[in-house]
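Each chain, letter by letter, is given below.
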Amino acid sequence: MNSRHGEFLWLLAVQALEYTNAMNIATPIHAKSSKPENRVGHTACPHDCPSTCALEVDISEDGRIGRVRGANDHTYTSGVICAKVARYAERLYHPDRLMHPLRRAGAKGAGQWQQISWDDALDEIAEAFVKSEARDGSEAIWPYFYAGTMGWVQRDSIDRLRHAKRYSGFFSSICTNPAWTGFTMATGTLRGPDPREMGRTDCVVIWGTNAVSTQINVMTHAIKSRKERGAKIVVIDIYDNPTMKQADMALIVRPGTDAALACAVMHIAFRDGYADRAYMARYADDPEGLEAHLKTKTPQWAAAITGLSVEEIEAFASLVGTTKKTFFRLGYGFTRQRNGAVAMHAAASIATVLGSWQYEGGGAFHSNSDIFRMNSAELTGRSMKDADIRMLDQSQIGRVLTGDPVALRHRGPVTSMLIQNTNPANIAPEQRLVRRGFARNDLFVAVHEQFMTETAEIADIVIPATMFVEHDDIYRAGGQNHILLGPKLVEPPPTVRTNLFVIEELAKRLGVADRPGFGFTAREMVDRILESSGLPDYDHFLEHKWFDRQPAFEEAHYLNGFAHPDGKFHFRPDWINQPAPNKPPAAIGALGPHAALPAFPDQVDVIEVADIEHPFRLATSPARNFLNSSFSETKTSRQKEGRPEVMINPADAEANGIAHGDLVRIGNSRGDLRIHARITTEVKSGVLIAEGLWPNKAHVDGEGINVLTGADPVAPYGGAAVHDNKVWLRRDAA
């Protein structure tokens, strides 16, 4: 069967689909059983979400997927997934999915393309890399990737090519660094109580994550505790989002002030006798010093900073102080401020002051990333890594591509790129620099993608990629405790290829296919990862679907001591020397205003504080039906989200002569853009929220919200403070 005929038959699935109406929040566990003629495939959600849901996929006799639902026998997923993944067939069989390799045939970004063969595309990519290396050295090539898939093999194989060829390194900074740094400063490692204990607690504090929209499984377990135990749900965030509406106690703080709230809660704990002094004497480094430090961190002090009332702060402190089984579920959102690492450390410290770690259903949880102990050395080519090769900051791609000498580590330019699993022309901060950099005529860019994203639109070569049900991979969760297999369930379109295929083929053309780690299929590489990690093999996972890595209660709750060498929880973090995930290499060193970080938990105003010229604080919070820039191409997700809008408090709207639906202009030193106003009491005065991430071209003038976000690194180990932006606002006169 020729490729065009195969493509035609494959695209017939678009018309054959019947979409089911998903619940407003998630698919129910009592969903209808599969049609008799269907088989059910088992896999894992590949997207950049801590839940890593276990999935069941209906597969018809002719090899097409149908309904996707959560696995009911998976103890964390518990049969519930988000609506956008439940309708995944809409994405898989989308008529705009990329189907053929393309070569740019006009000016960059003009949308003129010539269809070419796979061999031609790979030859041209390799030829461009060879030319860049000959002219500017191996560091002129920058393989760039991120979390469009969280599968290890398809995501991380690009690093093996990077190290084999001595291409520029990739400092992964944009998402997790402030959160992981802050938590690790406290505990010494990145793990916590079994997240399923949220279903066996008396109080769940959901701090800085809109779980209804972004981590529905958190709500599954929290609501279970509410129904079965009468547990209270506390939500702390910066606006009245869908998770807030599920709360028994909803605390809306000003952006970037979470540490002040945490300090006041600990002040009250010491003042009112909630502090577990015996626990701290055994498990904490300096409780006496912390208590002395917190003497002035009164509820009145915190109220003036956070915008909460003294009564709200007192009530929250009393609730958690009198509820031994309090589970602090600490998210990412509140750490995407320039003081985010400090905020995470402060929030985690509450559980230690109260001694919550001692109890089932108690303690602080952010991520379980350190429990899995999976060996990626061969996969990523670690033995070939050269410490002298520069590391370029993912978040500063705009500065890198426009020749900023600091961002380039005072070395030569980047002149060639291979981009997989990410869309920096939409999601990276400082978008005007990013777009200017990609427009360079001397920059060659190859993009391996599923859709014609805005990054693909300005590439020289675009090659089509498989989706997760079309290839083999292995996944580990961050927000739960399982390693999950993602086996190939259906055949891909005949003209698309896996990430691994591209890396292997480029290795052949670039003369490194004989180096360690190359030459294996995805399934073989999964087996090699599992074997080297002391885990069951691929066939075991194929039968059992997942493997529970949750440590014993004593280890998860640190009852044998915390992971620092002294066995203590550190109220006094070593902000510069403490090991942490994604710590910058020594050649980069500590980042951001690290000298300003406090000795004990405290409010540190290294954030973009509102001023006379910029009286508003803008956060770019996630939308319910998108996941970063993924799903923004699907019709249902776009219809549910409507259009790009900025949420404005009615008092601020009135003061600026703005009506609901008006076009407004918001801006700062990095740029400005026009967007429609949504007047709502869901945001407090002085705060603006733009939920997304919408494509740039969905905005009125083709520029999206990341025009306004900055790429200056969060102290001390980097990160992008995308929710930390001071801006001005006015009604657009046009």
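Residues numbered from 1 in each chain as written. Predicted model: local features only at pLDDT ≥ 70, side-chain atom pairs only at ≥ 80, totals over all residues. Heavy atoms only, no water.

*Asks:* Quick question: what am I supposed to make of the pattern of salt bridges here?
*Replies:* Once their charged atoms are close, side chains differing in charge can pair, the charge on each being opposite to the other. Enumeration according to the criterion identifies 58 salt bridges in this entry. Between Arg-162 and Asp-159 there is a salt bridge whose closest N-O contact spans 2.7 Å. Pair noted here: Arg-162 and Asp-159 are both in helix H5 (residues 152–165), with a separation of three residues, about one helical turn. Exposure class is identical for Arg-162 and Asp-159. Each is buried. Among the charged side chains, a salt-bridge network with shared partners connects Arg-432, Arg-665, Asp-672, Arg-674, Asp-701, Glu-703 and Asp-732. (Salt bridge = Lys/Arg side-chain N within 4 Å of Asp/Glu carboxyl O. Helix = DSSP H or I, 4+ residues; strand = E, 2+ residues; numbered from the N terminus. Buried < 20%, exposed > 50% of the residue type's maximum accessible area, 1.4 Å probe, protein only.)

*Asks:* Which parts of the structure should I look at to understand the nonpolar core?
*Replies:* Side chains of a nonpolar character, in soluble globular proteins, are inclined to be buried together. Formed by 78 residues in total, the largest nonpolar core has its most connected members in Trp-142, Ile-397, Val-414, Met-417, Phe-438, Leu-506 and Leu-688. Counting residues per element, this core draws most heavily on helix H4 (residues 118–136), which supplies seven residues. In this structure, Ile-397 is in contact with Trp-142, Tyr-144, Met-417, Pro-424, Ala-428, Val-434 and Phe-438, ignoring residues within four places of it in sequence. (Core = buried A, V, L, I, M, F, W, Y, C linked by side-chain atoms within 4.5 Å. Contact = heavy atoms within 4.5 Å.)

*Asks:* Where do I start with the packing of helix H12 (residues 299–306) against helix H13 (residues 310–322) in this structure?
*Replies:* Working note: a packed helix pair is described by the angle between its axes plus the distance between those axes. Between H12 and H13, the least distance of the axes is 8 Å, while the angle of their chain directions is 115 degrees. Taken as a pair, H12 and H13 cross one another with a handedness that is right-handed. Note on element contacts: H13 touches H12 through Val-310, Ile-313 and Glu-314, opposite Pro-299, Gln-300, Ala-302, Ala-303 and Thr-306. Classifying every residue of the contact of H12 with H13 by side-chain character gives five nonpolar, two polar and one charged. (Axes fitted to C-alpha atoms, helices over the stretch in contact; angles between N-to-C directions. Left-handed = near helix turned anticlockwise from the far one by under 90°. Nonpolar A, V, L, I, M, F, W, Y, C, P; charged D, E, K, R; others polar.)

*Asks:* What exactly am I supposed to notice about unusual backbone geometry here?
*Replies:* Among all residues except glycine, the phi angle is most often negative; among peptide bonds, the trans geometry is most common. A cis amide bond links Ala-715 to the next residue, Pro-716, at an omega of 0 degrees. Of note, Pro-716 is situated in the loop between strand E24 (687–689) and strand E25 (725–731). Unlike most non-glycine residues, His-410 shows phi in positive territory, near 60 degrees. Of note, the phi angle at Asn-421 is positive, near 65 degrees, even though the residue is not glycine.

*Asks:* Teacher, can you tell me more about helix H14 (residues 340–354) here?
*Replies:* Every α-helical turn comprises 3.6 residues, leaving residues that sit three or four positions apart pointing alike. With 15 residues, H14 should cover 21 Å at 1.5 Å per step; its first-to-last C-alpha distance of 22 Å lies within 8% of that length. Where burial is concerned, most of H14 is hidden: 15 out of the 15 residues are buried. (Expected span 1.5 Å × (residues − 1).)

*Asks:* Explain the state of the cysteines to me, please; I cannot follow it from the model alone.
*Replies:* By definition, a disulfide links two cysteine residues through a covalent bond between their sulfur atoms. Taken as a whole and judged by the stated rule, the model has zero disulfides. Free cysteine Cys-45: the closest other cysteine sulfur is in Cys-53, separated by 6.2 Å. With relative accessibility at 9%, the residue Cys-45 sits in the buried group. Cys-45 provides the cysteine sulfur closest to Cys-82, a residue in no disulfide bond, and the two sulfurs are 6.3 Å apart. (Disulfide = S-S within 2.5 Å.)

*Asks:* Help me out: how do you make sense of H5 in this one?
*Replies:* For H5, with 14 residues, the first-to-last C-alpha span of 20 Å sits near the 20 Å given by 1.5 Å per residue. Positive phi shows up at Arg-166, right after H5, with a value of about 65 degrees.

*Asks:* I keep staring at the packing of aromatic side chains and nothing clicks. Help me out?
*Replies:* Aromatic ring pairs are defined here through the distance separating the ring centres and the angle between the ring planes. Inspection of the entire model under this criterion finds 21 aromatic pairs. When the centroid spacing of 4.9 Å and the interplanar angle of 85 degrees are considered together, the rings of Tyr-88 and Phe-468 count as edge-to-face. Residue Tyr-88 is located in helix H3 (residues 88–92), and its partner Phe-468 is located in the loop between strand E16 (461–464) and strand E17 (473–476); the two are separated by 380 residues in the primary sequence. Accessibility expressed as a relative area gives 2% for Tyr-88, which makes it buried. Since its relative accessible area comes to 3%, Phe-468 is described here as buried. Plain terms: the ring middles of Tyr-144 and Phe-170 are 5.1 Å apart, the flat faces sit at 90 degrees to each other, and that makes the pair edge-to-face. Note that Tyr-144 is positioned in strand E6 (residues 141–145) and Phe-170 in strand E7 (residues 169–171), a separation of 26 residues in sequence. According to the relative accessible area criterion, Tyr-144 is buried, its value standing at 0%. Here Phe-170 falls in the buried class, since its relative accessible area comes to 9%. Taken together, Tyr-279, Tyr-283, Trp-357, Tyr-558, Phe-562, Phe-569 and Phe-571 form an aromatic cluster joined through their ring pairs. A cation over a ring is seen here: Arg-91 above Phe-631, with NZ or CZ 5.5 Å from the ring centre. (Phe/Tyr/Trp six-rings, centres within 6.5 Å; stacked < 30°, edge-to-face > 60°. Lys NZ or Arg CZ within 6 Å of the ring centre and 35° of its normal.)

*Asks:* Hey, could you run me through the sheet that holds strand E1 (residues 39–44) in this one?
*Replies:* Strands pair in a sheet through their backbones, by hydrogen bonds, and they do so in one of two ways: parallel or antiparallel. A sheet is described by the order of its strands in space; here three strands give the open sequence E1-E2-E3, paired in antiparallel fashion. With partners counted over all chains shown, the strands left at the sheet margins are E1 and strand E3 (65–70), one partner each. Here the average twist between neighbouring strands, direction ignored, is 25 degrees. Relative to E3, strand E2 (residues 54–59) is paired through four bridges, and the arrangement is antiparallel. Residue pairing in the sheet places Leu-55 in a bridge with Gly-70 of E3. (Pairing = 2+ DSSP bridges.)

*Asks:* How should the environment of Lys-697 be read in this particular structure?
*Replies:* Here Lys-697 lies in the loop between E24 and E25. Measuring from C-alpha to C-alpha, the distance between Lys-697 and Asn-426 comes to 9.5 Å, with 271 residues separating the pair along the chain. Setting aside anything within four residues of it in sequence, one finds Lys-697 in contact with Met-452, Glu-454, Glu-457 and Gly-702. Of note is the side chain of Lys-697, whose polar atom sits 2.6 Å from the side chain of Glu-457. (Polar contact = N/O pair within 3.5 Å; in protein donor to acceptor, adjacent residues only side chain to side chain.)

*Asks:* Mind showing me how you'd approach the pairing of strand E21 (residues 645–648) here?
*Replies:* The two faces of the sheet receive side chains in turn, since in a regular strand these alternate between them. What you see with E21 is no split at all: Glu-645 and Met-647 on one side and Val-646 and Ile-648 on the other are buried throughout. Note: E21 against strand E23 (residues 671–679), four bridges, orientation parallel. Of the residues in E23, the one forming a bridge with Ile-648 is Ile-679.

*Asks:* Just checking my understanding: could you explain the side chain of His-723 for this structure?
*Replies:* Structurally, His-723 is set in the loop between E24 and E25. Those residues in contact with His-723, other than ones at most four positions away along the chain, are Gly-333, Arg-336, Gln-337, Leu-618, Ala-619, Thr-620 and Ser-621.

*Asks:* Whenever I open this one, the environment of Phe-569 confuses me. Can you help?
*Replies:* Mapping Phe-569 onto the fold places it in the loop between helix H23 (553–556) and strand E20 (616–619). In sequence terms Phe-569 and Ser-349 are 220 residues apart; their C-alpha atoms lie 8.3 Å from each other. Every residue in contact with Phe-569, bar those within four places of it in the chain, is listed here: Ala-186, Thr-187, Tyr-283, Ala-284, Asp-285, Ala-348, Ser-349, Thr-352, Trp-357 and Phe-562.

*Asks:* Whenever I open this one, the sheet that holds strand E18 (residues 482–486) confuses me. Can you help?
*Replies:* In space, the three strands of this open sheet follow the order E17-E18-E19, with antiparallel pairing throughout. If you trace the sheet from one side to the other, it starts and ends with E17 and strand E19 (546–548), each paired once. Strand-to-strand twist in this sheet, taken as the mean axis angle between neighbours without regard to direction, amounts to 15 degrees.

*Asks:* I keep staring at the packing of H4 against helix H20 (residues 499–509) and nothing clicks. Help me out?
*Replies:* Contact geometry for H4 and H20: axes closest at 10 Å, N-to-C directions at 60 degrees. Viewed along their axes, H4 and H20 adopt a mutual orientation that is oblique. Crossing handedness for the pair H4 and H20: right-handed. Across the interface between the two elements, Trp-118, Asp-119, Leu-122, Asp-123, Ile-125 and Ala-126 of H4 pack against Phe-501, Val-502, Glu-505, Leu-506 and Arg-509 of H20. Grouping the constituent residues of the contact of H4 with H20 by class yields seven nonpolar, no polar and four charged. (Parallel < 35°, antiparallel > 145°, perpendicular 65-115°, else oblique.)

*Asks:* Would you explain the side chain of Thr-201 in this entry?
*Replies:* In this structure, Thr-201 sits in the loop between helix H6 (177–187) and strand E8 (203–207). Accessibility expressed as a relative area gives 0% for Thr-201, which makes it buried. At 3.3 Å, the side chain of Thr-201 forms a polar contact with the backbone oxygen of Cys-203. Each residue touching Thr-201, except ones within four places of it in the same chain, is listed here: Ser-225, Arg-229, Ala-231, Lys-325, Thr-326, Phe-327 and Gly-361.

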